[in-house]
Amino acid sequence: MKYYYGLSSALIGVSMVLVQSQVALGLSVSAIEKIAEDIIVRIVNTENSNDSGSGILIKRSENTYTVLTAYHVVKSGQKYKILTPDGQSNSIKSMQPIPQTDLAVLEFSSSKTYNIAKIGNSDEATRTTTVYVAGFPAKTAALSNPGFFFNKGQVNANGTAQRDGYNIIYDNHTLNGMSGGAVLNEQGEVVAVHGRADEQPISEKSQTKITTGIGTTIYSAAQRILAVGVNLGVNLPSINVAAASKADDFYIKANEKYNKEDYRGAIADYNAAIKIDPKYADAYYGRGYSRYNLQDYKGAIADYNAALKIDPNYADAYNNRGFARYDLGDKQGAIADYDTALKIDPNNVYAYYNRGFARSELGDKQGALADYNAALKINPNYANGYYGRGYYRYKLGDKQGAIADYNAALKINPNDANAYYNRGIARSELGDNQGALADYNAALKINPKDASAYYNRGIVYYDLGDYKGALADYNAALNINPNKANAYYNRGLARYKLEDNQGAIADYNAALKINSNDVDAYYNRGIARYKLGDNQGAIADYNTALKINPNYADAYYNRGFSRYKLADYKGAIADLNAALKINPNDVDAYYNRGLARYKLADNQGALADYNAALKINPNYADAYYNRGIARYKLADNQGALADFNAALKINPNDVDAYNNRGLVRSDLGDYQGAIADYNLALKIDPNYANAYYNQGIARKNLGDKQGGIVDLQKAAELFRQQGNTELYQQALESIRKYQQ
């Protein structure tokens with residue numbers, strides 16, 4: 001069985017940050033955080049506390065407070081309440097969505113006094129300006145009781161409104177539930193409403209993501225709100241509708257296209273931004289990861305170089321350049337870039353993660369583990385960090401440790417299909433097929449188009465003996481990916497188990513069409529051909545398998561078996577010799593070589609082989625049986641008797657062993673014992689002609705000529721029915737002789 005797993009992807013996030021600068025001197029960070037705590041409310045679903053968001057106290061009129069939030073926080077139609085900074089719960093009086101935006105205005109009544117947000121000049125929140133995002137994260141498996149979250153970052157672009165009215169991008173780290181929270185400048189003034197966080201994986205291999213915050217500037221929000229009759233009391237600047245597009249406008253459009261996986265369209269907009277502003281480091285950076293997604297790794301590196309020339313302290317650019325270098329095979333260069341990223345930003349979890357991945361690929365086990373641990377120390381809720389460390393532990397053979405990490409990743413992110421998939425692999429290899437099955441089911445529920453999950457679930461079904469279930473999964477995998485050679489191969493195994501040898505051969509043919517060097521496909525096609533009686537075809541397949549892998553012991557063994565069936569006993573012995581040279585403990589090879597030697601009348605050689613087989617497996621009933629035959633041929637009746645006794649102790653239903661023990665007893669003059677053995681054989685198989693024949697002779701030797709004739713007549717009739725002309729004639733001749 002061949003197992004395939006993939007490390008899910010994540011490259012470091014593009015920092016898309018909108019920063020607004022003020023003429024006034026900035027406040028301390030703690031002072032800004034205190035302002036944010038006093039003006040931000042939590043909005044909670046009254047039926048489900050996990051469904052929550054944030055809002056900004058934007059206006060008071062007597063006892064009516066106005067809250068500005070993101071519309072998607074309250075659009076579900078559920079009933080929500082507002083929790084003010086003092087912990088009081090307030091019913092929402094009204095909710096007004098703002099058209100063509102992700103904004104809504106809420107009202108509640110309270111006689112208590114709460115601070116109202118000060119509005120800043122959002123036009124001054126220009127690129128590279130420092131901003132702070134604040135809000136209340138929602139409850140998750142990892143955050144059962146989250147508190148207020150406040151984080152510093154930078155503006156990446158501030159331009160004209162795009163989809164849902166968003167027009168400002170910033171690189172602050174945000175969490176689910178903070179939507180509707182405030183984006184503040186260094187004077188503690190609100191310059192934007194936080195809309196959402198985008199996490200866009202950069203590739204299928206890295207766990208790094210482009211993490212960007214996207215929102216609506218307060219000026220843009222106020223203009224839209226004023227249009228529906230709500231006046232926030234903000235003095236808005238005049239709008240020059242004829243103004244030419246800014247570089248920021250193209251940058252925002254580019255990010256929107258990137259999120260839709262329109263990488264070529266994104267590059268065109270980044271080009272336009274760079275044409276307007278050739279010093280736009282973030283635009284080079286964004287164009288770099290767009291090129292990366294188009295597998296233009298050299299172009300991506302050129303863009304990261306340009307970004308770093310403008311901003312030598314751009315940690316994320318070093319990180320992403322490292323990953324592009326990694327994909328070009330320059331793992332040492334990649335590690336050097338991750339080192340630089342970490343020197344600039346010692347808390348960059350993505351750089352630790354990616355460096356750990358590169359180190360593991362270079363065989364630096366301790367260094368890799370240290371990096372994964374460092375990433376998780378910085379962010380204990382980094383689901384991808386647990387996932388990556390789990391993958392690494394699996395590669396080290398620590399499957400239990402891998403499962404523990406996948407458990408942690410899934411506790412944080414229960415929708416990580418790849419974590420279920422990889423945990424399934426680890427469980428399967430530990431023999432926990434039921435656990436593996438549950439994991440593959442979960443992965444497929446999240447991603448029904450995962451061919452590898454169907455493939456591996458098929459392996460589990462196969463191991464559980466459910467060959468029809470395995471067949472169905474391999475079919476599903478091949479419907480998704482018709483070029484998955486191993487799925488054809490494994491479907492062939494399942495069909496073989498279901499005795500569909502023609503279907504199995506067709507699948508092995510398909511696997512070999514994709515991969516002409518699949519030694520196992522040749523080997524198993526040989527077995528299927530043997531089962532169909534095509535020994536020559538089987539030998540041809542074993543020959544090819546051995547040409548690819550001259551040390552394939554099983555191929556020698558099975559080629560020997562086919563040669564035996566073709567009466568090429570010397571060829572069979574040569575193959576079994578080769579198999580035993582590679583694997584001196586192959587009990588079946590000794591046994592079958594014994595059979596071939598017996599056929600060549602080498603009873604002493606056969607005896608030696610059966611001895612060797614029984615030394616390895618003292619419970620090998622067939623070896624005792626055939627050693628008994630060899631001893632009988634060597635006139636060692638007592639030895640033969642002992643072997644048939646041993647065979648029958650292991651398998652009391654072996655009719656041939658009873659029959660042959662009867663022959664030995666008859667040769668020893670124990671005709672009564674012989675007849676008792678023939679009776680036992682006939683009790684198991686009433687149509688066993690040889691037992692009737694031999695019993696007839698034993699009865700005649702005891703003087704019961706008539707009884708002997710009756711048995712011989714029964715034997716003759718059975719031989720005739722079974723088409724054994726030679727023994728039929730022999731039985732008739734014995735009857736005529738006894739009747740004289």
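All figures in this text were calculated on a predicted structure; none of them were measured in a lab.

**Student:** Give a description of helix α13 (residues 399–412) that names residues and reports values.
**Tutor:** Taking 1.5 Å as the rise per residue, α13 with 14 residues should run 20 Å; its terminal C-alpha atoms sit 20 Å apart, in good agreement. Lining the buried residues of α13 we find α12 (383–395) and α14 (417–429).

**Student:** Go over the pattern of salt bridges with me, naming the residues and quoting the values.
**Tutor:** With the rule as written, the count across this model stands at 37 salt bridges. Across the pair Asp371 and Arg355 runs a salt bridge, and its minimum N-O distance is 2.7 Å. Taken together, the positions of Asp371 in helix α11 (residues 365–378) and Arg355 in helix α10 (residues 349–361) put the pair 16 residues apart, joining distant regions of the chain. Grouping residues by exposure puts Asp371 and Arg355 together as buried.

**Student:** For empty space enclosed by the protein, give the residues involved together with the corresponding values.
**Tutor:** This structure, assessed with the given rule, holds two cavities of 30 Å³ or more. In this structure, the largest cavity encloses a volume near 40 Å³. Gln162, Arg163, Tyr166, Ile169, Ile214, Ile252, Asn255, Glu256 and Asn259 together form the lining of the largest cavity. Among the elements that take part in the lining of the largest cavity, helix α4 (residues 247–259) stands out by supplying four residues, more than any other. Classifying every residue of the lining of the largest cavity gives four nonpolar, three polar and two charged. Size it by volume and the second largest cavity reaches roughly 40 Å³. Around the second largest cavity sit Gly560, Phe561, Tyr564, Ala572, Leu576, Asn592 and Ala596, which together line it. Counting only elements with at least two residues in the lining of the second largest cavity, the list comes to α22 (553–565), α23 (569–582) and α24 (587–599). If you tally residues by element for the lining of the second largest cavity, the top one is α22, at three residues. When its residues are assigned to classes, the lining of the second largest cavity shows five nonpolar, two polar and no charged.

**Student:** Let's hear about the pairing of strand β7 (residues 94–98): which residues, and what values?
**Tutor:** Pairing between β7 and strand β8 (residues 103–109): five bridges, direction antiparallel. Across the sheet, the residue bridging to Met95 is Leu106, located in β8. Taking the residues between adjacent antiparallel strands as the criterion, β7 and β8 are bridged by four residues, where Gln100 takes a positive phi near 65°.

**Student:** I'd like to hear about the environment of Ile252, residue by residue, with values.
**Tutor:** With respect to the helices and strands, the residue Ile252 is situated in helix α4. Judged by relative accessible area, Ile252 falls into the buried class, the value being 4%. With 17 residues separating them in the primary sequence, Ile252 and Asp269 have C-alpha atoms 8.6 Å apart. Apart from the residues lying within four places of it in its own chain, the contact partners of Ile252 are Ala157, Asn158, Gly159, Thr160, Gln162, Asn167, Ile168 and Ile169.

**Student:** If you had to explain helix α7 (residues 297–310) to someone new, which residues and values would you point to?
**Tutor:** Spacing of three or four residues puts side chains on the same side of an α-helix, whose turn is 3.6 residues. With 14 residues, α7 extends 20 Å from end C-alpha to end C-alpha; this agrees with the ideal 20 Å at 1.5 Å per step. For α7, the complete set of buried residues consists of Tyr297, Gly299, Ala300, Ile301, Asp303, Tyr304, Ala307 and Leu308. Next to the buried residues of α7 lie α6 (281–293) and α8 (315–327).

**Student:** Please set out the packing of helix α9 (residues 331–344) against α10 residue by residue, giving values where relevant.
**Tutor:** The geometry of α9 relative to α10 is characterised by a closest axis approach of 9 Å and an angle of 155° between their N-to-C directions. One way to sum up the angle between α9 and α10 is to call them roughly antiparallel. Remark: the crossing between α9 and α10 carries left-handed chirality. Together, Lys331, Ile335, Tyr338, Asp339, Ala341 and Leu342 of α9 and Ala351, Tyr352, Asn354, Arg355, Ala358, Arg359 and Glu361 of α10 make up the contact between the two elements. For the contact of α9 with α10, a count of residues per class yields seven nonpolar, one polar and five charged.

**Student:** Please set out the sheet that holds β7 residue by residue, giving values where relevant.
**Tutor:** Two strands in a sheet stick together by hydrogen bonds in their backbones, pointing the same way (parallel) or opposite ways (antiparallel). One open sheet holds the seven strands; their spatial order is β6-β5-β2-β3-β4-β8-β7, and the pairing between them is antiparallel. In this open sheet, the two strands that pair with only one neighbour each are β6 (89–91) and β7. Each strand axis lies, on average, 35° off the axis of its neighbour in the sheet, ignoring direction. Contacts from helix α1 (residues 29–39) reach β2 (40–45) and β3 (52–61) within the one sheet, and its direction differs from that of β2 by about 40°.

**Student:** Got a sec to walk through the confidence of the model for the protein chain? Specific residues and values, please.
**Tutor:** Here the protein chain shows a mean pLDDT of 88. Residues at 70 or above account for 92%. Within the model, the stretch residues 1–25 combines pLDDT values under 50 with 175 contacts to residues more than four positions away or in other chains.

**Student:** Provide a residue-level description of the packing of α6 against α8, including the pertinent values.
**Tutor:** Put simply, α6 and α8 touch, their axes get as near as 11 Å, and they point 20° apart. Considering their axes alone, α6 and α8 lie roughly parallel with respect to each other. Where α6 crosses over α8, the two elements pack in a sense that is left-handed. Where α6 approaches α8, its residues Tyr285, Tyr289 and Tyr292 are matched on the opposing element by Asp316, Ala317, Asn320, Phe323, Ala324 and Asp327. Residues that form the contact of α6 with α8 fall into these classes: six nonpolar, one polar and two charged.

**Student:** Explain the packing of aromatic side chains residue by residue, including any values.
**Tutor:** Applying the stated criterion across every chain, the model contains 32 aromatic pairs. With a centroid separation of 5.7 Å and 50° between ring planes, the pair formed by Tyr372 and Tyr392 is classed as tilted. Of this pair, Tyr372 sits in helix α11 while Tyr392 sits in helix α12, and the two are 20 residues apart along the sequence. Every member of this aromatic cluster is reached through a ring pair, and the members are Tyr251, Tyr258, Tyr263, Tyr270, Tyr280, Tyr285, Tyr289, Tyr304 and Tyr314. Lying across the ring of Tyr280, Arg127 places its NZ or CZ 3.3 Å from the centre. The lysine or arginine in question, Lys331, covers the ring of Tyr326, its NZ or CZ lying 5.2 Å from the ring centre.

Reading the values: the criteria
Residues numbered from 1 in each chain as written. Predicted model: local features only at pLDDT ≥ 70, side-chain atom pairs only at ≥ 80, totals over all residues. Heavy atoms only, no water. Helix = DSSP H or I, 4+ residues; strand = E, 2+ residues; numbered from the N terminus. Expected span 1.5 Å × (residues − 1). Contact = heavy atoms within 4.5 Å. Salt bridge = Lys/Arg side-chain N within 4 Å of Asp/Glu carboxyl O. Buried < 20%, exposed > 50% of the residue type's maximum accessible area, 1.4 Å probe, protein only. 1 Å grid on protein atoms, 1.4 Å probe; cavity = no way out; pocket = protein on both sides within 12 Å on 5 of 7 lines; lining within 4 Å. Points joined across faces, edges and corners; volume = space filled by probe spheres on them. Nonpolar A, V, L, I, M, F, W, Y, C, P; charged D, E, K, R; others polar. Pairing = 2+ DSSP bridges. Axes fitted to C-alpha atoms, helices over the stretch in contact; angles between N-to-C directions. Parallel < 35°, antiparallel > 145°, perpendicular 65-115°, else oblique. Left-handed = near helix turned anticlockwise from the far one by under 90°. pLDDT = per-residue confidence, 0-100. Phe/Tyr/Trp six-rings, centres within 6.5 Å; stacked < 30°, edge-to-face > 60°. Lys NZ or Arg CZ within 6 Å of the ring centre and 35° of its normal.

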